[in-house]
Every structure is written in structure tokens, then in C-alpha cells.
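# Structure at a glance
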Amino acid sequence: MFAVCGAAMAQSPAVSGDVDGDGECTTSDVTVLYNYLLYDDGSAMVAGDQDGDGYITVGDVTWVYNVLLYVSHDDGHDYIDLGLPSGTQWATMNVGASSPEDYGDYFAWGETSPKDVYDLSTYKWCNGDYYQLTKYCTSGDYGYNGFTDGKTELDPEDDAATAAWGAEWRMPSKDQMEELYNNCTSEWTTRNGVNGRLFTSNINGASLFLPAAGYRGTSSLYEAGTLGDYWSRTLDSSYPGYAYDLYFSLGNVDWGILGRDYGQSVRAVRVPQN
């Protein structure tokens, strides 16, 4: 009984944790799930399959509890508290997305708007070449006419998360990405038909889903559904034509570097000020 659901009950909720369709996640959503699981009463259920595995099980109850305990809402954007040592809270969806499974927009590093073509000819902070950088350059060998500015993290005005969501939000630093990696277990999974990785906190059990949205180069989208690439706001100071990113696939999750002109996903973070 716990592993059976009807197709009408497996739809993706508009609001995470909203089982009864009233537009919010409350304890009544837990009650609706329990009534279905215990008594086969789905009369009040609109979106029972909260974890996106195609079934209505006790796992969906856990999902709703996680939303009630750890997901908060601010200025139109949901974020989740994973109990991380730095206090960093991660947004529940990508910049430009309308749900946690939506790919959202793609950004070149240091640009704040999506575009049609992602290459060095269209990249804002160079003159058509990795060795002609005009901002964020730590070595004269890479700078236009020997230019350097020593900047190793994006200024807020060049941060896609800040530009889209306001001053409280930033693209994560490399350290914040490492913190996520070091304090969570992750598994490749499918949520509402979308492949990605579910990061589950070793500290409080809360979970964060990152879709495998691929990346953009020139005018094409590559490896969507098989690879996730998420920008940090941190430059590779040794090779300033590159910046750090978090990437993952079916069998691997790690951080690396990629050329700044490529279009990648952005998942915003915030650190509350007490």
C-alpha cells in the first residue's frame, strides 16, 4: 500500500510540500499523506509525490517534514537550512527557474543576463581572448595590455544571483561549495522526470536537489540530463581566464575550473546576519 500511487496524484507540486493544493506547506499536508498511506483516503490529495520518485510513500512524509523544519521563504525565494557550519543557506531552485527541477538560466562568469551565444567573442570581460582580460585578472600575462586588478571574487554588480534576487543573495564561493560537498552525502536521482543530484545534510538531514542542467557553449546546450555545472563566484587566480565550479554526473561529484565564457547554472546562497 505504501508504494502505490495514481497518476493524478504524482504531479509536481507548485509549492514544495503542498500536498493538498492550498498554496502552502503546513501540518495539514502531513495529515493528508497519513490519511492516504494509512486509510487509502486520497480525497484531499492534489500532489502526493513530493520527492518525485513516482510513488507515494513514507519518503514523501519525510520530504514534507523537511520543508516544514528547514525551508524558509524570503523576498519571493525559498531557501533551505542544511545546518552548515558557516550558516550558509542554499536556494531551493536555480536563478531563472520556476521549480527545483527547472534548469533555469545560464550565465557566463561575471555576466548577469543570459544570452544566445556563449564564447569569447561575446564575453563581457575580455577582448576576444583568454589573454586579453579586462576585469578579474591576477596576472599581467592574461590581461589586456598587461592589465591586472587582483580581484579573485565577483563584485556584487557582476554576480548573477545578486542582480536577479537582490543584495542578500550571492553566487556561492568555492569555500561554500566545498562546505556543501564536505557536509552532505549525495546521490544521483530523478525528481519529477529530471536527473540531478540530491545533497542530504549529515548535520540535520535536510536535502537539496540540483538538476543536471548541462552547460552552454557557443549557441548549443551540452550534456543536459547527464551533467550538472554550477558556477562559484571565485576566480582561479593561477589561470584567471577560468573560474571554479561544482560539477557532477551519474558517478562523480567534485569541483573544478571552466573557461569564464561558458554558460553555466547558478544556485544562489545567503548568509543571514544576526
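Chains are numbered independently. Their residues run from 1 in the order of the written sequence. Per-residue local features are limited, in this predicted model, to residues with pLDDT of at least 70; the limit for side-chain atom pairs, both in listing and counting, is 80 or more; totals at the level of whole chains, interfaces and linings are taken over all residues. Side-chain measures were taken over the full set of non-hydrogen atoms in the model, leaving aside hydrogen atoms and water.

### As for empty space enclosed by the protein
To be explicit about the condition: Put simply, the grid is 1 Å and covers the protein atoms alone, a cavity is a trapped set of points that fit a 1.4 Å probe, a pocket is an open set with protein on both sides within 12 Å along at least five of seven lines, and lining residues have an atom within 4 Å of a point. Grid points are joined across faces, edges and corners, and a volume is the space filled by probe spheres set on the points. Numbering of helices and strands starts at the N terminus; helices are DSSP runs of H or I of at least 4 residues and strands are runs of E of at least 2. Each residue gets one of three labels, nonpolar for Ala, Val, Leu, Ile, Met, Phe, Trp, Tyr, Cys and Pro, charged for Asp, Glu, Lys and Arg, and polar for the others, Gly among them.
Going through the model one piece at a time under the given rule, you end up with two cavities of 30 Å³ or more. Considering only enclosed or pocket space, the largest cavity measures out at about 140 Å³ in volume. Around the largest cavity, the lining residues are Ser-16, Trp-63, Asn-66, Val-67, Val-71, Ile-80, Thr-92, Pro-100, Arg-191, Ser-207, Leu-208 and Phe-209. Taken together, the elements giving at least two residues each to the lining of the largest cavity come down to helix 2 (58–70) and strand 6 (207–211). A per-class count over the lining of the largest cavity returns seven nonpolar, four polar and one charged. As for the second largest cavity, its lining consists of Trp-90, Pro-172, Met-177, Leu-210, Tyr-230, Trp-231, Leu-246 and Arg-267.

### Here we look at the nonpolar core
The following threshold applies: Only buried residues count toward a nonpolar core, which is a set of Ala, Val, Leu, Ile, Met, Phe, Trp, Tyr and Cys residues joined through side-chain atoms within 4.5 Å. Partly exposed residues are those whose accessible area sits between 20% and 50% of the maximum for their type, while under 20% is buried and over 50% is exposed, using a 1.4 Å probe and protein chains only. Residue contacts follow a heavy-atom distance rule, with two residues in contact if any of their heavy atoms lie within 4.5 Å.
Val-95, Trp-109, Met-171, Val-266 and Ala-268 are the most contacted members of the largest nonpolar core, which totals 29 residues. The set of elements that each furnish at least two residues to this core consists of helix 3 (160–165) and strand 9 (228–235). Filtering out sequence-adjacent residues up to four positions away, Val-95 remains in contact with Gly-104, Asp-105, Phe-107, Ala-160, Ala-161, Ala-164, Trp-165, Val-266 and Ala-268. Within the second largest apolar cluster, 17 residues are counted, among which are Met-177, Leu-208, Leu-210 and Phe-248.

### Here's the deal with unusual backbone geometry
The bulk of non-glycine residues show a negative phi, and the bulk of peptide bonds are trans. A positive phi angle, close to 55°, is found at Asn-145, a residue other than glycine. In this fold, Asn-145 is placed in the loop between strand 3 (89–91) and helix 3. Exposure remark for Asn-145: the relative accessible area of 68% places this residue in the exposed category. Phi at Asn-192 takes a positive value of approximately 50°, unusual for a residue other than glycine. With respect to the helices, strands and loops of the structure, Asn-192 is situated in the loop between strand 4 (184–191) and strand 5 (194–201).

Fair warning: the whole summary comes from geometry, so function is off the table for now.
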